[in-house]
Amino acid sequence: LTTLEVIHLEDNTISGKIPTQLFNLTSLREIDLSSNPIMGAIPTEVGSVRNLEILQLDNSLISGLLPTELGDAPSLKELYLDGTGLLSGTLISELGRLTSLLELVITST
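Below is a summary of the structure that appears in this document. Just so you know, these numbers come straight off a predicted model, no measurement behind them.

When helices and strands are tallied, the protein shows 1 helix and 9 strands. Each helix (α) and strand (β) of the protein, taken in turn from the N terminus, gives the series β-β-β-β-β-β-β-β-α-β. In terms of overall size, the protein behaves like a compact globule, its C-alpha atoms giving a radius of gyration of 13 Å where 109 residues would be expected to give roughly 13 Å. Expressed as lengths along the three principal axes of its C-alpha atoms, the size of the protein is roughly 30 × 30 × 20 Å. Evaluated residue by residue, the protein yields a buried proportion of 39% over its 109 residues. Long-range pairs, those at least 24 residues apart, make up 51% of the contacts in the protein with a sequence separation of at least 6. Carbon and sulfur atoms provide 54% of the accessible area of the protein, an area that totals close to 5,600 Å². Each charge class in the protein was averaged separately, 5 positive and 14 negative side chains, and the resulting centres sit 8 Å apart.

Phi is positive for Thr 13, close to 50 degrees, though the residue is something other than glycine. With respect to the helices and strands, the residue Thr 13 is situated in the loop between β1 (6-8) and β2 (30-32).

Attention now moves to the pattern of salt bridges. As enumerated under the stated definition, the model contains 2 salt bridges in all. Arg 29 is the partner of Glu 5 in a salt bridge, and the nearest nitrogen-oxygen pair spans 3.0 Å. Separated by 24 residues along the polypeptide, Glu 5 in the segment before β1 and Arg 29 in the loop between β1 and β2 bring together distant segments of the chain. A relative accessible area of 37% means that Glu 5 is categorised as partly exposed. Arg 97 serves as the salt-bridge partner of Asp 72, at 2.8 Å between the closest nitrogen and oxygen. Here Asp 72, found in the loop between β6 (64-65) and β7 (78-80), pairs with Arg 97, found in the loop between α1 (91-96) and β9 (103-105); they are 25 residues apart in sequence, far enough to count as distant. A residue is classified by how much of its surface remains accessible, and Asp 72, at 34% relative accessible area, is partly exposed.

We now examine the sheet that holds strand β4 (residues 54-56). Read from one edge of the open sheet, 5 strands run β1-β2-β4-β7-β9, paired in parallel fashion. The open sheet is flanked by β1 and β9, the only strands paired with a single partner. Taken pair by pair, the neighbouring strands of this sheet meet at an average axis angle of 5 degrees, ignoring direction. Two strands pair when backbone bridges link them, and β4 and β7 are joined in this way by 3 bridges, in the parallel orientation. Bridge assignment links Gln 56 to a residue of β7, and that residue is Tyr 80.

With respect to the helices, strands and loops of the structure, Gln 56 is situated in strand β4. A residue is classified by how much of its surface remains accessible, and Gln 56, at 17% relative accessible area, is buried. Not counting the four nearest positions on each side in its chain, Gln 56 is found in contact with Ile 31, Asp 32, Leu 33, Ser 34 and Tyr 80.

Rules and cut-offs
- Residues numbered from 1 in each chain as written.
- Predicted model: local features only at pLDDT ≥ 70, side-chain atom pairs only at ≥ 80, totals over all residues.
- Heavy atoms only, no water.
- Helix = DSSP H or I, 4+ residues; strand = E, 2+ residues; numbered from the N terminus.
- Rg over C-alpha atoms; globule rule 2.2 N^0.38 Å.
- Buried < 20%, exposed > 50% of the residue type's maximum accessible area, 1.4 Å probe, protein only.
- Contact = heavy atoms within 4.5 Å.
- Areas by Shrake-Rupley, 256 points an atom, 1.4 Å probe, with all protein chains shown as cover.
- Lys, Arg positive; Asp, Glu negative; His and termini not counted.
- Charge placed at Lys NZ, Arg CZ, Asp CG, Glu CD.
- Salt bridge = Lys/Arg side-chain N within 4 Å of Asp/Glu carboxyl O.
- Pairing = 2+ DSSP bridges.
- Axes fitted to C-alpha atoms, helices over the stretch in contact; angles between N-to-C directions.

Everything listed here is a matter of coordinates, which is why it stays silent on function.
See below:
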């Protein structure tokens, strides 16, 4: 699985926390876990996926602080967090480091 580039598991009733092992797949370019009842915080390991371009966690139950490590994902172009649980934290510092970011959707959090 070390060469896996795309994971689309949207709308599959996947529950629980986002497994941190997912972010060990360093070739990943896209992660889509949207429309699943996943909960808990976004793992800090999100910043370790250097090739990650698209992260979709919309319409889920994620909550808590946005990890500062999110700003360590240099290739991230699209981030979807709309319709999530109660996200909190400072967006400016993390997002300011995402120099490749083209699309950000954070509504109804």
